[in-house]
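What the coordinates show
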Amino acid sequence: MTDPANPTDENATSKTPAQTDSVPDPLSSAASSTPVSDSDAPAQPRADTPRERFMEQIAKKQSLDDHDPEESLWEGGYSPKAMIGSWIGLSLLSIVLLVAAGFIEQFTFGIALIVIVVLWILVGLNYAAKRLGVQYELTSQRFIHRTGILTRRTDRIEVIDISDVSYEQGPIQRMFKVGSISIISTDKSDPKLELVGINNVGEVAGLIDDIRRAERRRRSIHIEQN
């Protein structure tokens, strides 16, 4: 029988502990579902001063310049036409020596011929040394200067370091379009370089100057001379 004071049904099933369902945290779910904007990402270091921004741009351009191919634009050396004045002068001197041998008893034709041959040999060796011993090459980035016959020395000047280009011609050289080019640069090894006996000297000097200015514009670097 069931006790009225204790209305407990023996056949009633015993109650199990209540199982609590996990309730999601609205704050955590909102935080996980909300995309992270770019403004919330860690700020990248930026150049604040104009000098830092300028140096950053120069560094980027220089890193790109390292991959630019170098192109050969001109090659040359001492031109045979630069010796025309010497050949003419030596020919006139030879004639004078032969004429003098006919009027001076002590100065015979044999002595005159020996003197003439020696002079022509010396001038010929001078021409060979200039012709074979000096070579120039201009590329889109550098000016290369090679000297020597048995031993070879090669000097390179960055075209961006060239500060001034000028050329000079004599009366006879102007007739044959040859002359000398003077290159002034900030390079310590070759602050001033003289190119002697260059054919088409005006065109070559203009080409060197054009490449120099183009390279400066390309790198956006302007060198001021004090």
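See above for the structure.
Presented here is an overview of the structure given in this document.

What follows concerns the pairing of strand S7 (residues 192–199). Bridge count between strand S6 (residues 178–185) and S7: 6 bridges; the pairing is antiparallel. By the bridge assignment for S7, Ile 181 is matched with Leu 195. Counting the residues that bridge the hairpin from S6 to S7 gives 6 residues.

Quick look at a nonpolar patch on the surface now. Together, Ile 88, Leu 92, Ile 95, Val 99, Phe 103, Ile 104 and Ile 172 line one region of the surface with nonpolar side chains, adding up to about 690 Å² of accessible area. Looking at the nonpolar patch, the element that brings in the most residues is helix H3 (residues 84–103), giving 5 residues. Mapped onto the fold, Ile 104 is located in the loop between H3 and helix H4 (109–133). Ile 104 gets classed as partly exposed once you look at its relative accessible area, which sits at 41%.

A word on the packing of aromatic side chains. Each aromatic ring pair is summarised here by two numbers: the centre-to-centre distance and the angle between the ring planes. Enumeration according to the criterion identifies 4 aromatic pairs in this entry. Taking the centre distance of 5.8 Å and the plane angle of 5° together, the rings of Trp 87 and Trp 120 count as stacked. On the criterion of sequence distance, the pair formed by Trp 87 in helix H3 and Trp 120 in helix H4 is long-range, its members being 33 residues apart. Since its relative accessible area comes to 26%, Trp 87 is described here as partly exposed. With centroids separated by 6.2 Å and ring planes inclined at 65°, the aromatic side chains of Trp 87 and Tyr 127 adopt a geometry described as edge-to-face. With Trp 87 in helix H3 and Tyr 127 in helix H4, this pair connects stretches of sequence that are 40 residues apart. Members of the aromatic cluster, connected to one another through ring pairs, are Tyr 78, Trp 87, Trp 120 and Tyr 127.

Once that is clear, we can look at the nonpolar core. Counting residues in hydrophobic clusters, the biggest one holds 19 residues, and the most contacted among them are Phe 143, Ile 181, Ile 183, Leu 195 and Ile 208. Looking at this core, the element that brings in the most residues is helix H6 (residues 201–219), giving 5 residues. Residues Leu 97, Ala 101, Ala 112 and Ile 116 belong to the second largest nonpolar core, which totals 5 residues.

Attention shifts here to unusual backbone geometry. A negative phi angle is the norm for most residues apart from glycine, just as the trans form is the norm for most peptide bonds. In this structure, Lys 177 is a non-glycine residue whose phi angle is positive, near 60°. You will see that Asn 200, though not glycine, has its phi angle at about 50°, which is positive. When its relative accessible area of 30% is taken as the criterion, Asn 200 is described as partly exposed.

Cut-off values and rules
Residues numbered from 1 in each chain as written. Predicted model: local features only at pLDDT ≥ 70, side-chain atom pairs only at ≥ 80, totals over all residues. Heavy atoms only, no water. Pairing = 2+ DSSP bridges. Helix = DSSP H or I, 4+ residues; strand = E, 2+ residues; numbered from the N terminus. Patch = residues over 30% accessible without salt bridge, like charges linked within 9 Å, V, L, I, M, F, W, Y side chains within 5 Å. Areas by Shrake-Rupley, 256 points an atom, 1.4 Å probe, with all protein chains shown as cover. Salt bridge = Lys/Arg side-chain N within 4 Å of Asp/Glu carboxyl O. Buried < 20%, exposed > 50% of the residue type's maximum accessible area, 1.4 Å probe, protein only. Phe/Tyr/Trp six-rings, centres within 6.5 Å; stacked < 30°, edge-to-face > 60°. Core = buried A, V, L, I, M, F, W, Y, C linked by side-chain atoms within 4.5 Å.

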